[in-house]
Amino acid sequence: QLQLQESGPGLVKPSETLSLTCTVSGGSISTTNYYWGWIRQPPGKRLEWIGDMLYSGTTYYSPSLKSRVSISLDASKNQFSLELRSVTAADTALYYCARRTTRPWYMDVWGEGTTVTVSS
Amino acid sequence: DIQMTQSPSSLSASVGDRVTITCRASQTINTNLHWYQHKPGKAPKVLIYATSSLQSGVPSRFSGSGSGTDFTLTISSLQYEDFATYYCQQSSDAPWTFGQGTKVEIK
């Protein structure tokens with residue numbers, strides 16, 4: 001059974017870079033059939049899709065975050081990562097990693113989430 | 001971006017009740033609508049994909065319907081383990097967007 005687990009610092013200073021890793025177990029990340037990505041939920045707000053990528057290297061980002069986001073895969077470690085640059089308090093959220101299917105493009109496996117607070 | 005609006009935002013119900021949650025899109029999304037269940041501290045779980053397809057392992061008391069802009073998630077007989085928050089999500093047009101959630105509480 002495929003499982004995803006987020007890891008990374010719970011506190012990041014304003015203007016710095018938020019970095020999170022998602023470790024995949026019970027299956028391989030090296031497949032062309034799925035997208036590997038990130039979703040977040042700020043306190044009191046709805047879920048927000050950040051972006052994802054295919055094993056081939058093609059990335060897809062939300063336009064609202066595209067200028068600050070990078071997602072990458074490390075097949076040797078069966079992990080994928082999120083970098084969000086120049087963070088502000090508005091980036092404080094519960095961050096989830098998730099696997100997205102090909103069409104009809106829904107998230108079929110999620111991690112439990114990790115809380116990231118942006119504060120000095 | 002396509003805006004997704006769920007109603008109600010919360011509801012109270014008893015075990016055995018039939019529960020219906022609706023989701024409306026700001027433009028037509030055909031049948032590209034999915035439903036998730038989320039419990040605090042747990043990974044969200046997909047229940048229904050493509051409007052009405054039941055995800056493997058999900059109990060048959062969950063069902064979905066709709067097309068175009070209006071969609072419904074129905075729980076035919078609410079069980080204790082169904083008390084959670086439910087979200088809809090569209091995949092008709094990127095960026096993929098979610099409803100604000102419907103919290104189902106015990107009456």
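Here is a short report on the structure shown in this document. Quantities reported herein were computed from a predicted structural model and do not represent experimental measurements.

**Details of the interface of chain B and chain A**
Reasoning step 1: Contacts between chain B and chain A engage 21 residues on the former and 19 residues on the latter.
Reasoning step 2: In total, about 1,800 Å² of surface goes out of reach between chain B and chain A, with carbon and sulfur atoms giving 63% of it.
Reasoning step 3: Of all residues in chain B, Pro44, Trp96 and Phe98 of chain B give up the largest surface area on contact with chain A, accounting jointly for 35% of the area buried on that side.
Reasoning step 4: For the pair chain B and chain A, the number of links is zero salt bridges.
Reasoning step 5: At the junction of chain B and chain A, the tally comes to eight residue pairs in polar contact (both at pLDDT 80 or more).
Reasoning step 6: Every element with two or more residues in the side of chain B that touches chain A is listed here: strand S4 (33-38), strand S5 (45-49) and strand S9 (85-90) of chain B.
Reasoning step 7: Broken down by element, the residue count for the side of chain B that touches chain A peaks at three residues, all from S4 of chain B.
Reasoning step 8: Split into classes, the residues belonging to the side of chain B that touches chain A amount to 11 nonpolar, nine polar and one charged.

**Observations regarding unusual backbone geometry**
Reasoning step 1: At the junction of arginine 103 of chain A and proline 104 of chain A, the peptide bond is cis and its omega measures out at 20° in the coordinates.
Reasoning step 2: By the secondary structure assignment, proline 104 of chain A is in the loop between strand S9 (93-101) and strand S10 (107-110).
Reasoning step 3: Going from alanine 94 of chain B to proline 95 of chain B, the amide bond is cis rather than trans, its omega being 0°.
Reasoning step 4: Among the secondary structure elements, proline 95 of chain B is positioned in the loop between S9 and strand S10 (97-98).
Reasoning step 5: Its identity is not glycine, yet serine 86 of chain A carries a phi of approximately 50°, on the positive side.
Reasoning step 6: Relative to the assigned elements, serine 86 of chain A resides in the loop between strand S8 (79-84) and S9.

Cut-offs applied
- Residues numbered from 1 in each chain as written.
- Chains lettered and ligands numbered in written order.
- Predicted model: local features only at pLDDT ≥ 70, side-chain atom pairs only at ≥ 80, totals over all residues.
- Heavy atoms only, no water.
- Contact = heavy atoms within 4.5 Å.
- Buried area = accessible area lost by both parts, 1.4 Å probe.
- Salt bridge = Lys/Arg side-chain N within 4 Å of Asp/Glu carboxyl O.
- Polar contact = N/O pair within 3.5 Å; in protein donor to acceptor, adjacent residues only side chain to side chain.
- Helix = DSSP H or I, 4+ residues; strand = E, 2+ residues; numbered from the N terminus.
- Nonpolar A, V, L, I, M, F, W, Y, C, P; charged D, E, K, R; others polar.

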